[in-house]
Amino acid sequence: GQVDYDNYGISGIEKYFDKDLKDKKYIDQPLKLTLDSNIQHIINKELEESIKTFNATGAAALLMNANNGEIISLISLPNFNINQRTSIINKKFINKITKGVYELGSIFKTFTIALALEHKLVDVDTVIEDIPRKIKCSIHEITDMKEHPKNLSVEEILVRSSNTGSVILAKKVGEENFKKFIKKTKLTKNPEIELEEVGVPHDLKWNKCKLETISFGHGITTTPLQATALYAAISNGGKLIEPSLIKERKIKKLETIISNETSYKLRNILRKVVSSKNGTASLADKDGYFVGGKTGTAESYGSKKNRINTFISVFPTIKPNYTLFVMLENPKINKNLIYNYRGVKTKAPYNTSGWNSVYVAGKIIEKIGPILAINNEEFIDQYVVEKFN
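What you see is a predicted model, and the numbers here were worked out from it, not measured in a lab.

(A) Looking closely at the nonpolar core. Counting residues in each nonpolar core, the largest one holds 99 residues, and the members touching the most others are I43, L47, L63, I113 and L230. If you tally residues by element for this core, the top one is helix α8 (residues 224-235), at eight residues. The residues touching L230, leaving out its near neighbours within four places in the chain, are F111, F181, T185, L187, L240 and I257.

(B) Main features of the pattern of salt bridges. In this structure the tally under the stated criterion is 13 salt bridges. The salt bridge involving E70 is made with K247; its shortest N-O contact spans 3.3 Å. With E70 in the loop between β1 (58-65) and β2 (71-77) and K247 in the loop between β7 (239-240) and β8 (255-256), this pair connects stretches of sequence that are 177 residues apart. A salt bridge links K179 to E176; its shortest N-O distance comes to 3.8 Å. One end of the pair is K179 and the other is E176, both in helix α6 (residues 175-185) and three residues apart, which spans about a single turn. Given a relative accessible area of 29%, K179 falls into the partly exposed group. Residues joined in a network through salt bridges with shared partners are K120, D123, E261 and K265.

(C) Examining the packing of helix α3 (residues 109-118) against helix α5 (residues 163-173) more closely. At a minimum axis distance of 9 Å, the contact between α3 and α5 shows a crossing angle of 40 degrees. Of the possible angle classes, the one that applies to α3 and α5 is oblique. For the element pair α3 and α5, the recorded crossing hand is left-handed. Side by side, α3 and α5 meet where K109, T112, I113, L115 and A116 of the first sit next to N163, S166, L169, A170 and V173 of the second.

(D) Structural detail: empty space enclosed by the protein. A full pass over the atoms with the stated rule returns two cavities of 30 Å³ or more. Roughly 40 Å³ of volume is contained in the largest cavity. Around the largest cavity, the lining residues are E46, E49, S50, T53, Y359, V360 and K363. Within the residue set of the lining of the largest cavity, elements represented by two or more residues are α2 (37-53) and α10 (357-374). Here the lining of the largest cavity gets four residues from one element, more than from any other, and that element is α2. Tallied by class, residues from the lining of the largest cavity come to two nonpolar, two polar and three charged. In this model, the second largest cavity occupies a volume close to 30 Å³. F54, K332, I333, N334, Y339, A348, Y350, N351, W355 and N356 are the residues that line the second largest cavity. Along the lines of polarity and charge, the residues of the lining of the second largest cavity split into six nonpolar, three polar and one charged.

Thresholds applied
Residues numbered from 1 in each chain as written. Predicted model: local features only at pLDDT ≥ 70, side-chain atom pairs only at ≥ 80, totals over all residues. Heavy atoms only, no water. Core = buried A, V, L, I, M, F, W, Y, C linked by side-chain atoms within 4.5 Å. Buried < 20%, exposed > 50% of the residue type's maximum accessible area, 1.4 Å probe, protein only. Helix = DSSP H or I, 4+ residues; strand = E, 2+ residues; numbered from the N terminus. Contact = heavy atoms within 4.5 Å. Salt bridge = Lys/Arg side-chain N within 4 Å of Asp/Glu carboxyl O. Axes fitted to C-alpha atoms, helices over the stretch in contact; angles between N-to-C directions. Parallel < 35°, antiparallel > 145°, perpendicular 65-115°, else oblique. Left-handed = near helix turned anticlockwise from the far one by under 90°. 1 Å grid on protein atoms, 1.4 Å probe; cavity = no way out; pocket = protein on both sides within 12 Å on 5 of 7 lines; lining within 4 Å. Points joined across faces, edges and corners; volume = space filled by probe spheres on them. Nonpolar A, V, L, I, M, F, W, Y, C, P; charged D, E, K, R; others polar.

Structure follows, in structure tokens:
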């Protein structure tokens, strides 16, 4: 799209599009957005269908280039026609990706594992013995949704999504290391993007049990935009990217949050969350795309009545190019939906993200994957165009 620069002027462009824009020579150039209209249409259609399928009150998705932060698609539903509304009062119409502030649940376990690996406190095959089903913390009790083996490797704690296993690892990491990680990644700060509609994560108070609950994604809020950007960083070799809607922008020097070695180990684990028999996201395992990711099922912040089911995926895990965030608000079990679950026809036993958000993400990846591959110059050079001497 293009912008009416006469109406905006230099200050307007700086405010809405590029805070670093100082050179007037760019004023004569059209504004180039990173969004792909074809992919936007496909994802929007799948999300609309998901709301019907799971009788959800809303849905959202974000597709981002994992290496440079370019946003390929950003959808938030329900939507509205800007030509027919002069004011939007109902909060259901907010941009859930940039404005919505949520406790995102188990996707935070990936960060706990990342810190434990990065500080060399454990390795992926380190076995944590005698993991209890319940852990008492002050007046609260932390439990796992289903029973796991008492002895789990670090890898299995993430693959099986064990709350108590994550708590044990968080205690090894320690409060100070967690604080440094959160500060460095700006998870609890206002997100930075070329939009005015951004959320403000709640102040994080390190009171009793905060370390324990943060280890599995409760007691800490952030926006989907920031969470997806952080997943891009932990999968791309550890480089913290800046999400953007502006193509060919100046990219600042990327800060390193974890080592390439840790990033490699995490990618392998995230892949097993999708591909292994004990993983929680097998419905996103689409042939040829090497999808990895992590599920999150949580209550809305401050409201136990509302449920947020999320799935953040990375693909292909062998060489990460994309991160995809999918969220459903208040989904219900579809009793008539038959899944192909690891080759077996079955119905959903739980109302968790593995049975709805993961399912939707899998359908999206299956449809946009070929488009992304065709748009990839390396793919074209190697597989599409036959070169002649």
